[in-house]
Amino acid sequence: MMRSTIALLAAASITLAACGGDDDSSADTTVAGDTTDTTAASDTTAASGDDSLAVVAGEAFPEERCEANQAAGTIGYLTGFDYAAAASIIEVLVADQAGYYDDLCLDVEITPSFSTANYPLVAANQAQFASSGSFSELATQAESNEADLVALTVDGYVAVDVLMVKPDRATSLDELAGQTIGIKGALAPAIAVMLRQEADLVEGDDFQTALLDGFDPFAHWAIEEIAALPGWRSNEPGALERGGEVFDLYDPADFDVPGSFGLIYTNAEFLAEHPIAAEDFMRATLQGLADTIADPAAAAAAAFELVEANGNSNFLTIEGETFRVETDAAAIVASTPDGSFPGVVVPEELAAQIAAYDEVGFYGDAGAPSIDGRYDADLAAGLYDADGQIIWPG
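A. Representation of empty space enclosed by the protein in the model. The full count for this structure, using the stated rule, is 3 cavities of 30 Å³ or more. Considering only enclosed or pocket space, the largest cavity measures out at about 100 Å³ in volume. Along the wall of the largest cavity there are 14 residues; nearest its centre are A87, S88, S132, G133 and W232. Secondary structure elements with two or more residues in the lining of the largest cavity: β5 (129-132) and β12 (261-267).

Dropping the structure here:
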């Protein structure tokens, strides 16, 4: 099961690279499904509604728009995990390296960070954009911290988390009853829902979790008490397989558990005060996503160069980062809903995710977090033309 999943994703990624790997700064964006219902503009975008500020494909970037972006000052972006080549990180790194932010008169400062540490910083406008692991995570963090956070892009509409189980400890999800699952921080929502939905297993009642130190999957796998490990589909499974470990992979997507991954969000204050800068930050970032999908290997190399320059404290490898970006890119394309484009917010998908988690009691007595105001469904959609290309100045 594990090997066939990796082969499928790798094959999809190779197909993507073959279909659009040129070096044109207006690289093609891969489109999934029928696009006849897209809300994207045909060839112009303007956050303010002022036609003089509109970005027109192939024409010079408006001077007044450039001035507005410069007036926004330094725009801080926080990664979700070091400089890893993960969705919602890699597109920013690629866009920065390609000079897309500079092209749009934006001064962007990228800081390596960790997903859960970013929410209060963006909420306080100490940083303006950051990477989030899932919409459920973002909505929950926003409600618990009374933070007005707004998702602007969602890369993938499938859970990023999978569960790796030791074959000699359990041959089905039901057999994890009474056992211990190792976690990094907290049990991922999609994994928790899968266990409740498919095996009626509830954390703390039917199985235990143990907090693990660090990010080394081999050290975690070697712990005798641990029967299973959650991980990102684009990271730990590939690492363990390359290291010769044998495991059974349980993917929430195989059990129709909805999910999302690779979100970039801001705060409502920055979005209201600098709508043009917010729009153009995402324009450049989606251009970076298009480049990433077209050439995952080049994107991985760019990210790993930053990882090494930053000391590589998490012991990442070029093989691991290549696997990560190829897997994420394939999942993004495969899960983009019909009639949409990569990164575009699809409200129905986000609502379905929250509802499914709430239905099995994941959010406890407090119930599901509110999703009112937690996303902007129009911004990213308006950056694409009808053919699925980012509207980019000449």
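Next comes the rest of the description.
B. Region of interest: the pairing of β5. Residues F129 and S131 of β5 are buried on one face, and the alternating residues A130 and S132, pointing to the opposite face, are buried as well. In this sheet, β5 lies alongside strand β3 (residues 74-78) in parallel orientation, the contact comprising 2 bridges. Residue L78 lies in a different strand from β5, and its bridge partner there is A130. Of the strand pairs in this sheet, β5 and β12 are connected by 3 bridges, and their pairing is antiparallel.

C. Main features of the sheet that holds β5. Pairing is mixed in the open sheet, where 5 strands are placed in the order β4-β3-β5-β12-β6. Each of the sheet's edge strands pairs with one partner strand only, and the pair in question is β4 (107-111) and β6 (149-156). Each neighbouring strand pair of the sheet contributes to a mean axis angle of 25°, computed without reference to strand direction. Where β3 lies against β4, 5 bridges are found, and the strand directions are parallel. Note on β4: the bridge partner recorded for Y77 is I110.

D. Spotlight on the environment of A303. Here A303 shows up in helix α12 (residues 296-309). Of the residues examined, A303 reaches a relative accessible area of 0% and is grouped as buried. Taking the C-alpha atoms as reference, A303 lies 5.6 Å from A85; in sequence the two are 218 residues apart. Filtering out sequence-adjacent residues up to four positions away, A303 remains in contact with Y83, A84, A85, I90 and L93.

E. Fine view of the sheet that holds strand β11 (residues 248-250). One open sheet accounts for 5 strands, arranged β9-β8-β10-β7-β11; its pairing is mixed. This sheet does not close on itself; its edge strands, each paired only once, are β9 (208-211) and β11. The sheet shows a mean angle of 30° between the axes of neighbouring strands, taken without regard to direction. Across 3 bridges, the pairing between strand β7 (residues 161-165) and β11 is antiparallel. Within the sheet, the bridge partner assigned to L163 lies in β11 and is Y250. The sheet contacts of helix α7 (residues 189-199) involve β7, β8 (180-183), β10 (226-232) and β11, and relative to β7 the element is tilted by about 60°.

F. Representation of the side chain of D82. As for its placement among the helices and strands, D82 is situated in the loop between β3 and α3 (90-98). An unpaired buried charge is present at D82: no salt bridge exists, and R324, the closest side chain of opposite charge, is 8.4 Å distant. Looking at D82, its side chain comes within polar contact range of the side chain of N310, at 3.4 Å. Sequence-distant contacts of D82, defined by excluding residues within four places in its chain, comprise I89, P112, S113, V307, N310, N314 and L316.

G. Representation of the nonpolar core in the model. Ranked by size, the top nonpolar core spans 63 residues in total, and within it I75, Y101, L106, F129, F281 and M282 carry the most contacts. Sorting elements by how many residues they give to this core places helix α11 (residues 275-294) first, with 8 residues. M282 has contacts with F129, L152, T153, I264, L379 and L383, leaving out every residue within four places of it along the chain.

H. Highlighting the side chain of D328. Checked against the element boundaries, D328 lands in helix α13 (residues 318-335). Salt bridges are absent for the buried D328, whose nearest opposite-charge side chain, R324, sits at 6.2 Å. What D328 contacts, discounting residues up to four positions off in sequence, is A85, A86, A87, S234 and F261.

I. The layout of surface pockets, seen in detail. Its boundaries defined by the atoms lining it, the largest pocket holds a volume of some 960 Å³. The wall of the largest pocket is formed by 42 residues, among which E137, D161, K184, A186 and A188 lie closest to the centre. Mapped by element, the contributors of at least two residues to the lining of the largest pocket are α5 (115-123), α6 (135-144), β8, α7, β10 and α14 (347-359). Classifying every residue of the lining of the largest pocket by side-chain character gives 20 nonpolar, 15 polar and 7 charged. Around the second largest pocket sit 18 residues that line it, and F215, P217, N314, F315 and L316 are the ones nearest its centre. Counting residues per element, the ones that place at least two in the lining of the second largest pocket are α8 (217-221), α9 (236-242) and α13. Tallied by class, the residues present in the lining of the second largest pocket amount to 7 nonpolar, 6 polar and 5 charged.

J. Highlighting the pattern of salt bridges. What the rule picks out here adds up to 8 salt bridges. In this structure, R374 engages D148 in a salt bridge whose closest nitrogen and oxygen atoms are separated by 2.6 Å. Separated by 226 residues along the polypeptide, R374 in the segment after α14 and D148 in the loop between α6 and β6 bring together distant segments of the chain. With a relative accessible area of 10%, R374 lands in the buried category. Of the charged contacts, one joins R324 and E321 as a salt bridge, the two residues approaching to 3.0 Å between their closest N and O atoms. Placement of the pair is R324 and E321 together in helix α13, with a separation of 3 residues, close to one helical turn. On the basis of relative accessibility, which here comes to 0%, the residue R324 falls in the buried class.

What counts and how
Residues numbered from 1 in each chain as written. Predicted model: local features only at pLDDT ≥ 70, side-chain atom pairs only at ≥ 80, totals over all residues. Heavy atoms only, no water. 1 Å grid on protein atoms, 1.4 Å probe; cavity = no way out; pocket = protein on both sides within 12 Å on 5 of 7 lines; lining within 4 Å. Points joined across faces, edges and corners; volume = space filled by probe spheres on them. Helix = DSSP H or I, 4+ residues; strand = E, 2+ residues; numbered from the N terminus. Buried < 20%, exposed > 50% of the residue type's maximum accessible area, 1.4 Å probe, protein only. Pairing = 2+ DSSP bridges. Axes fitted to C-alpha atoms, helices over the stretch in contact; angles between N-to-C directions. Contact = heavy atoms within 4.5 Å. Lys, Arg positive; Asp, Glu negative; His and termini not counted. Salt bridge = Lys/Arg side-chain N within 4 Å of Asp/Glu carboxyl O. Polar contact = N/O pair within 3.5 Å; in protein donor to acceptor, adjacent residues only side chain to side chain. Core = buried A, V, L, I, M, F, W, Y, C linked by side-chain atoms within 4.5 Å. Nonpolar A, V, L, I, M, F, W, Y, C, P; charged D, E, K, R; others polar.

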